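Examination of the molecular architecture
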Amino acid sequence: MKTSSFLLINTLFFIVLDLSPRILVNSQAAATDSCASTFDLKGRLLFDTTSLVCRSVWDAQGFILRYEETSPNLWSFILSAPNTNSYVGMGFSSNGKMIGSSAIVGWVGAGGGSMIKRYHLTGQTPRQVVPDEGNLQVVGTSSSLISLSGRLYIAFQLNTSLPDNRILYSVGPAGRLPVRPGFQLAEHDRKVSTILNYASGESKTKGSSSSKLKKSHGILNMLGWGIILPIGAMVARYMKPWEPVWFYSHSIVQSLGFLCGVSGIVCGFVLENRLGVDVDKHKSLGVIILTLGCLQVIAFLVRPEKESKVRKYWNWYHYGIGRGLIILAVANVFYGIHLGDAGSGWKAGYAAVVSVLFVVAFILELRLWITD
């Protein structure tokens, strides 16, 4: 009789979603969650948790995953994460990329109400993260979100023979929670892509060994395309009185910039393959920049003599392609810093370098006009 009364009272606080989740909020004190601690949610879940495999899957954010194949074609999951006044997401991807994946996302609202929803990630913008869609076959009565002692426990079951082993975890920006009616997700504040071996329980963070390659990609491209090439262009334009020093200096500087840039792009292709991330726009701009750089090299090799009638048109071509390359390169460097989550320090540092180059070029251009 007491048990029935308890369940009836708790049912009044349930928010019925398309997943039909059982949602509970509890502020009772409990030990910090870990795989070494005793896991006890006091029977508040609608499926058995006694034999769940437990793994720490994102140490930096304190994410712990428990799972098991409860029966054929039925998998149980419980994701434990700190409650930081933000949403917590767990996505399943066939290729490790965000686009095309499906996710379970949970959060506790400003008023204390808790939510858990499915999302389909069709693109990178918030509007392309569509609620109530995706290919996850969630058992409707299995979903629960429990808030206990500063942690969120997102529990659900999937009908599948084997879930995708490329798992994405994310944390939303603090204080920017999805709200009715659209439940639109703000862009995540932090994320990680992992590979989970369901048989052994081993979870590997994709790209954890690629930090040096990521830095090499960024630094080489920034130096080559975004700094050295603009300097080489300035040498060609403002050192013309020093013949033939300007020509050899221009050739050497641009060759160095081109080699650095090509090396950076090669690092980028390797990095993309290793991380499995979706950076199509960044990559497309990089390919265009590389193509323009190759065209400049070809133009140098077929450069006509000064007395040639076509030299004027060659100059137009060479100057136009060069300036377009530099503009695209600078823009793509900033875009790459943004995609790589390098932080405001990198943006500010590169912006300072570009500003100095711009000021120097402006002064030299002004001096050139006055001289002419």
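On a predicted model such as this, the values are computed, not experimentally measured, just so you know.

A separate point is helix α4 (residues 280–301). End to end, α4 covers 32 Å across 22 residues, agreeing with the expected 32 Å (1.5 Å per residue, within 8%). Among the residues of α4, H282, G286, I289, L292, G293, Q296 and A299 are the ones counted as buried. Across the axial projection of α4, the buried residues extend over an arc of 140°, all falling on one side.

The next thing to look at is the sheet that holds strand β12 (residues 190–196). With antiparallel pairing, the 7 strands of this open sheet are ordered in space as β8-β7-β6-β5-β11-β12-β13. Two strands lie at the open edges of the sheet, namely β8 (129–131) and β13 (203–205), each paired on one side alone. Direction aside, the axes of adjacent strands within the sheet are offset by 30° on average. Of the pairings in the sheet, the one linking strand β7 (residues 114–121) to β8 comprises 3 bridges and is antiparallel in character. Residue pairing in the sheet places H120 in a bridge with V130 of β8.

Under the definition given, this model contains 6 salt bridges. With a closest N to O distance of 2.6 Å, D132 and K117 form a salt bridge. Linking D132 in the loop between β8 and β9 (144–148) with K117 in strand β7, this pair joins segments that are 15 residues apart in sequence. When its relative accessible area of 34% is taken as the criterion, D132 is described as partly exposed. Across the salt bridge formed by R190 and D189, the nearest N and O atoms sit 2.4 Å from each other. Look at R190 and you get partly exposed, because its relative accessible area is 29%. Looking at D189, the relative accessible area reads 45%, which means it is partly exposed.

Turning our eyes to something else, we now look at the nonpolar core. Membership of the largest hydrophobic core comes to 28 residues, with the highest contact counts inside it found for F63, L65, F77, M90, F92, F156 and Y169. Those elements that provide at least two residues to this core are β2 (53–58), β3 (63–71), β4 (74–82), β5 (88–93), β6 (102–108), β10 (151–158), β11 (166–171) and β12. Among the nonpolar cores identified, the runner-up in size contains 11 residues, and Y87, W107, V129 and L177 belong to it.

Our next topic: the confidence of the model for the protein. Here the protein shows a mean pLDDT of 85. Residues at 70 or above account for 88%. Low pLDDT, under 50, characterises residues 1–31; the stretch is placed with 60 contacts to residues that sit more than four places away or in other chains.

Under the defined criterion, the tally for this structure stands at 1 disulfide. A disulfide bridge connects C35 with C54, and the sulfur atoms are separated by 2.0 Å. Looking down the S-S bond of the C35 and C54 bridge, the torsion is -85°, so its handedness is left-handed. Pair noted here: C35 is in the loop between β1 (22–26) and β2 and C54 is in strand β2, with a separation of 19 residues, a long-range link. The exposure class of C35 is partly exposed, given its relative accessible area of 37%. With relative accessibility at 15%, the residue C54 sits in the buried group.

What follows covers the pairing of β10. Counting buried positions along β10 yields 8 of 8 residues, so the element is predominantly enclosed. Relative to β10, β4 runs antiparallel, the two sharing 8 bridges. The residue of β10 that forms the bridge with L79 is I154. As defined by bridge partners, β9 adjoins β10 across 5 bridges and the pair is classed as antiparallel. Paired with L145 across the bridge in β10 is I154.

Moving on, we get to the environment of L292. Looking at where L292 falls in the secondary structure, it is placed in helix α4. Put simply, L292 and G322 are 30 residues apart on the chain and 7.7 Å apart in space, counted from C-alpha to C-alpha. Discounting chain neighbours no more than four positions away, the residues touching L292 are I321, G324, L325 and L328.

A complete count under the given rule lists 16 aromatic pairs for this structure. Measuring from ring centre to ring centre gives 5.5 Å for F247 and Y248, while their planes differ by 75°; the resulting arrangement is edge-to-face. Given the relative accessible area of 16%, F247 is considered buried. Assessed through its relative accessible area of 51%, Y248 is described here as exposed.

Taking 1.5 Å of rise per residue, 28 residues should cover 40 Å, and helix α6 (residues 344–371) covers 40 Å from first to last C-alpha, within 8% of that figure. Residues of α6 that are buried: Y350, L357, A361 and E365. The inward-facing, buried residues of α6 contact α2 (211–238) and α5 (311–339).

Calculation notes
- Residues numbered from 1 in each chain as written.
- Predicted model: local features only at pLDDT ≥ 70, side-chain atom pairs only at ≥ 80, totals over all residues.
- Heavy atoms only, no water.
- Helix = DSSP H or I, 4+ residues; strand = E, 2+ residues; numbered from the N terminus.
- Expected span 1.5 Å × (residues − 1).
- Buried < 20%, exposed > 50% of the residue type's maximum accessible area, 1.4 Å probe, protein only.
- Arc of directions from axis to C-beta.
- Pairing = 2+ DSSP bridges.
- Axes fitted to C-alpha atoms, helices over the stretch in contact; angles between N-to-C directions.
- Salt bridge = Lys/Arg side-chain N within 4 Å of Asp/Glu carboxyl O.
- Core = buried A, V, L, I, M, F, W, Y, C linked by side-chain atoms within 4.5 Å.
- pLDDT = per-residue confidence, 0-100.
- Contact = heavy atoms within 4.5 Å.
- Disulfide = S-S within 2.5 Å.
- Phe/Tyr/Trp six-rings, centres within 6.5 Å; stacked < 30°, edge-to-face > 60°.

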